[in-house]
Amino acid sequence: MCHGWRWGECPYKLQCSSPHCTPTRNMTDYEAATAFLGEWGPFQLQVFFLLCLIILLHGLTVLSFVFFSDTPRHRCIIPTHSNLTAAWRNISIPLEEDSQTGDLVPSKCSRYKLDLIQNFSDRGLIPGVDVNLSNVQQECCLDGWEYDHSIYISTTVSEWDLVCDESWKVPLTSSLFYCGIFIGALISGQLSDRYGRKPVLFGFMAGQSVFYLIQAFAPSWPVFCFLYFIVGFGQTSKYMISFVLGTEILNTQAQKVFSTAGTCLFFSLGYMLLPLFAFLIRDWRMLLLGLMLPTFPSLLCWWFIPESPRWLVSQGRREEAEDILRSAAKKNKVEAPLTIFSPLQTNLQTEEKQANNICDLCSSSNISWISVTLWLIWGSVALSYYGLSLNTSNLHGNIFFNCFMSALVEIPADILSWIMFRWCSRRLTLSATITMSGLFLFIIQLIPASLISLAIALEMMGKFAMTTAFSILCAYTVELYPTVLRTTAVGACCMASRIGSIAAPYIIFLRNYSVSLPYILIGSLTVLSGLLTLLLPETFGMPLLETISHMQQFPSCSKKRPYKTTQTTDDEEMSSVSKKENTTLS
C-alpha cells in the first residue's frame, strides 16, 4: 500500500482510507478526475433538479391507489318499485357493530329479506313492536349497492361493485400493480447496467405515460388490472434509475444531498400534492388523467440530463464520458484538462468489466450474504412503509387531510436522514430508525380506543421513523455495491421490497378481522429487520465502489480482503502497473 501518501502524491493513485486502510485505486479515480467541475455549478444544479422533478412525479402517482380505489360508504339498494312504507324502508337494513368504533351502523352487505318485509308492510305491522327484527331472516344485496357520493363521484370500487363478497379484488388490484413494479425492477436494473441509465430511464417513462392514458379508459376491472400491472413496470424503475444516475453523476457532498434529502424531499412533495389532486378531482378516471398529464412534459428532460460518465468509463467508453464532462465544464465556466481519463485508467476499469447480471449478486459467499440480508431488510421496510401509507384511508377523520399529514411527516424525516447520512454511521442509524418505527406500532396497541388522536399521532411517528430509515437504506445500498453492478443490485433490492408492498394491502385488509393485527405483524417484522441491519458492513466515509472486488466483507465471511495488502505484493502490483503504462505509452 501507499503508506503515508496523501491523495495526489501517490504515483499509482492508491489511497489509505481510514479506518479500513485498504487500497482504492479505481474507487477514487473518478472523483479525482472530475474534481475540476466543482460541487455545485450550473451543471450539477441542472441534473439535481431535473432528476428530482422525475422523482416528484413518482411520488405523485405511486400511492394514488389510496384515492381512486377507495371504498366509499355503501349499503344495499332497496328497489323503488317495492311498496314499502317509510317506516319499513328505513329499517330494512340491519344494524351491525363497527369493528373500529364499536358503534351500531347500517350493514354494508346484507338486508332483511324483502318478501318478508313486504308482507309485514302490507299487513300494517309496526317494526320493533309487532315484529321482532332479530328473528327476521337476512339476504345479500341482490339488487346491488348504493354508494355515498359526498367524498367521491366515483371510484373503481363503486363503478365495478368491488365490495362484500368481491372486496378481495381491492387489495388484489394494488398487489398486481406492485407485481408489475417487481418485474420492472428486475428488468430495468439489468437493462440499465448493460445499455445505460438514460435510455432505459426515459424508455420506461414514455411507456408508463402511454399506459396511464389507456388505463383511464379501461372498460372493466380485469382490463384495468392488466393495464395497472403494465403501469407498474415503469413506476419504481424511473425512481430507481434516476436515483442511481444522480449518485453517479454528482460528486461527494452534492451526491450525499441528492441521495438523501434531495430525492426524498421531492418524493414527499409529490406525495403531498396527491391529496390536493384527489380533493379537486373526485372522479377516478379524471384523476388518472390529471396525474398522468405532467409526465409527458418530463420527457423533455432527455435533452438536458446526460448519461452517467461513471457508467461510460466502466464500459470502456472514455471518449463519450469526456465529451459529457467537457460540456459540463462549459456550463460551469471552468476549464477541463486535456485528458480527463487516461487510457491506462480506463483499461484498468475495463479489465474487470464483464456482462454482469442479477446472478452476480450471488456469485460469492460474501456478496450473497450482503444481498440476502439487504433483500430481507428492503422487504420488511417496504411492507411497513406502504402498509402505513395505504392505511391512511382507514384512519378517522378526513382522508385527504390524513394523506396530507402522512406525506407532511416525511419532510422532517427526509431532512433528518440527510443529517444522519452525512455525519453518522450507516448501520447504527438505519437499525435505530427501523427498530423505533416497530416500537411505535407496538405501543399503539396499548392506547385506549377512546384516544383516537393519540393512536393516529403514534402511527405518524412510526411513519416518520420508517421514512427516515427508507431514505437512509436507499443511499446505503448504492454505497454497498460497485458501479458495474449498482443498478442491478438496487433493482434486486426493489424487487425484494415489492414482496413487502404486494403483501401490504392484504396485511391492511386484516383490519376487517382485528384492528390491531396489522400493527402487530408489521411491528414484529420491523423490529427483526432493525436487528438484522447490524450484520451489514459499514460504508461511512468511503467512496463509491467501481468493481466487485472492492466490495467489503460481510462479518460472517472470511476476513481475508480481496486486495493485496503486503508490501511485497504491493511492489509487484506497482511494477505491473508501470509495465502496463509503458506499454500503453509506447
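Higher on the page you've got the structure.
About the criteria used
- Residues numbered from 1 in each chain as written.
- Predicted model: local features only at pLDDT ≥ 70, side-chain atom pairs only at ≥ 80, totals over all residues.
- Heavy atoms only, no water.
- Helix = DSSP H or I, 4+ residues; strand = E, 2+ residues; numbered from the N terminus.
- Buried < 20%, exposed > 50% of the residue type's maximum accessible area, 1.4 Å probe, protein only.
- Contact = heavy atoms within 4.5 Å.
- Expected span 1.5 Å × (residues − 1).
- Arc of directions from axis to C-beta.
- Phe/Tyr/Trp six-rings, centres within 6.5 Å; stacked < 30°, edge-to-face > 60°.
- Axes fitted to C-alpha atoms, helices over the stretch in contact; angles between N-to-C directions.
- Parallel < 35°, antiparallel > 145°, perpendicular 65-115°, else oblique.
- Left-handed = near helix turned anticlockwise from the far one by under 90°.
- Salt bridge = Lys/Arg side-chain N within 4 Å of Asp/Glu carboxyl O.
- Core = buried A, V, L, I, M, F, W, Y, C linked by side-chain atoms within 4.5 Å.
- Polar contact = N/O pair within 3.5 Å; in protein donor to acceptor, adjacent residues only side chain to side chain.
- Disulfide = S-S within 2.5 Å.
- 1 Å grid on protein atoms, 1.4 Å probe; cavity = no way out; pocket = protein on both sides within 12 Å on 5 of 7 lines; lining within 4 Å.
- Points joined across faces, edges and corners; volume = space filled by probe spheres on them.
- Nonpolar A, V, L, I, M, F, W, Y, C, P; charged D, E, K, R; others polar.

When helices and strands are tallied, the protein shows 23 helices and six strands. Per-residue burial for the protein yields a buried fraction of 55% across its 586 residues. For the protein, contacts bridging at least 24 residues in sequence account for 80% of all contacts bridging at least 6.

A positive phi angle, near 55°, is found at Asp161, a position not held by glycine. The topology assignment puts Asp161 in the loop between helix 6 (156-160) and helix 7 (169-195). Although it is not a glycine, Lys333 adopts a positive phi angle of roughly 60°. Looking at where Lys333 falls in the secondary structure, it is placed in the loop between helix 14 (318-332) and helix 15 (343-351). Lys333 gets classed as exposed once you look at its relative accessible area, which sits at 77%.

Below, the discussion takes up helix 14. Along its 15 residues, helix 14 runs 21 Å from first to last C-alpha, staying within 8% of the 21 Å computed at 1.5 Å per residue. When helix 14 is considered as a whole, its buried residues turn out to be Arg318, Ala321, Glu322, Ile324, Leu325, Ala328, Ala329 and Asn332. Within helix 14, the buried residues cover an arc of 160° as seen down the axis, which keeps them to one side. Those residues of helix 14 that are exposed and angled more than 90 degrees off the buried face are Asp323 and Lys330.

Another point: the packing of aromatic side chains. Counted by the stated rule, this structure contains 26 aromatic pairs. Both rings, one in Phe68 and one in Phe224, keep their centres 5.9 Å apart while their planes meet at 80°; by these two values the pair is edge-to-face. Of this pair, Phe68 sits in helix 3 (residues 65-68) while Phe224 sits in helix 9 (residues 221-249), and the two are 156 residues apart along the sequence. Neither Phe68 nor Phe224 differs from the other in exposure class; each is buried. Residues Phe177 and Tyr178 carry aromatic rings whose centres are separated by 5.3 Å and whose planes lie at 55° to one another, so their mutual orientation is tilted. Assigned by exposure class, Phe177 and Tyr178 land together as buried.

Two elements in contact, helix 8 (residues 197-215) and helix 9, have axes whose closest approach is 8 Å; the angle formed by their N-to-C orientations is 150°. Considering the angle they form, helix 8 stands roughly antiparallel to helix 9. For the element pair helix 8 and helix 9, the recorded crossing hand is left-handed.

With that out of the way, let us pick up the pattern of salt bridges. What the rule picks out here adds up to 15 salt bridges. Among the salt bridges present, the one from Glu538 reaches Arg427, with a minimum N-O distance of 4.0 Å. In this pair, Glu538 is assigned in the loop between helix 22 (517-532) and helix 23 (567-585) and Arg427 in helix 19 (residues 426-444), connecting sequence segments 111 residues apart. The class of Glu538 is buried, set by a relative accessible area of 15%.

In terms of nonpolar packing, the biggest core is built from 150 residues, with Phe67, Leu374 and Tyr481 touching the most fellow members. When residues in this core are grouped by element, the largest group, 13 residues, is from helix 9. What Phe67 contacts, discounting residues up to four positions off in sequence, is Tyr152, Thr155, Leu274, Pro275, Ala278, Leu287, Ile399, Phe400 and Cys403.

Another point: helix 19. Between the first and last C-alpha of helix 19 there are 28 Å, a value that for 19 residues agrees with the 27 Å anticipated at 1.5 Å per step. Listed in full, the buried residues belonging to helix 19 are Arg426, Thr429, Leu430, Ser431, Thr433, Ile434, Thr435, Ser437, Gly438, Phe440, Leu441 and Ile444. On its buried face, helix 19 is in contact with helix 16 (365-390), helix 18 (410-423), helix 20 (452-480) and helix 22. Put simply, Ser425 is the residue that caps the front of helix 19, since its side-chain oxygen is 3.5 Å from the backbone nitrogen of Arg427.

This next bit is on the state of the cysteines. All chains considered together, the criterion is met by two disulfides. Each disulfide pairs two cysteine sulfurs, and for Cys76 the partner residue is Cys141, the sulfurs being separated by 1.7 Å. Given an S-S torsion of about -55°, the disulfide between Cys76 and Cys141 has left-handed geometry. Taken together, the positions of Cys76 in strand 1 (residues 74-76) and Cys141 in the loop between strand 5 (138-140) and strand 6 (145-147) put the pair 65 residues apart, joining distant regions of the chain. At a sulfur-sulfur separation of 2.0 Å, the disulfide partner of Cys109 is Cys164. In this structure, the disulfide formed by Cys109 and Cys164 twists by about -95° around the S-S bond and is classed as left-handed. A residue pair is termed long-range when its members are at least 10 positions apart, and Cys109 in the loop between strand 3 (104-106) and strand 4 (110-112) and Cys164 in the loop between helix 6 and helix 7 qualify at 55 residues. For Cys52, which is in no disulfide, the shortest distance to another cysteine sulfur is to Cys264 and amounts to 9.5 Å. Since its relative accessible area comes to 0%, Cys52 is described here as buried. Sulfur of Cys264: no disulfide; nearest cysteine sulfur belongs to Cys474 and is 6.3 Å away.

Before going further, it helps to spend a moment on empty space enclosed by the protein. A full pass over the atoms with the stated rule returns eight cavities of 30 Å³ or more. Taken as a whole, the largest cavity spans an internal volume of roughly 230 Å³. Forming the boundary of the largest cavity are 17 residues, of which Tyr239, Phe267, Tyr385, Phe470 and Cys474 lie nearest the centre. Among the secondary structure elements, those contributing two or more residues to the lining of the largest cavity are helix 9, helix 10 (252-280), helix 16, helix 18, helix 20 and helix 21 (486-509). Among the elements that take part in the lining of the largest cavity, helix 20 stands out by supplying four residues, more than any other. Split by residue class, the lining of the largest cavity holds nine nonpolar, five polar and three charged.

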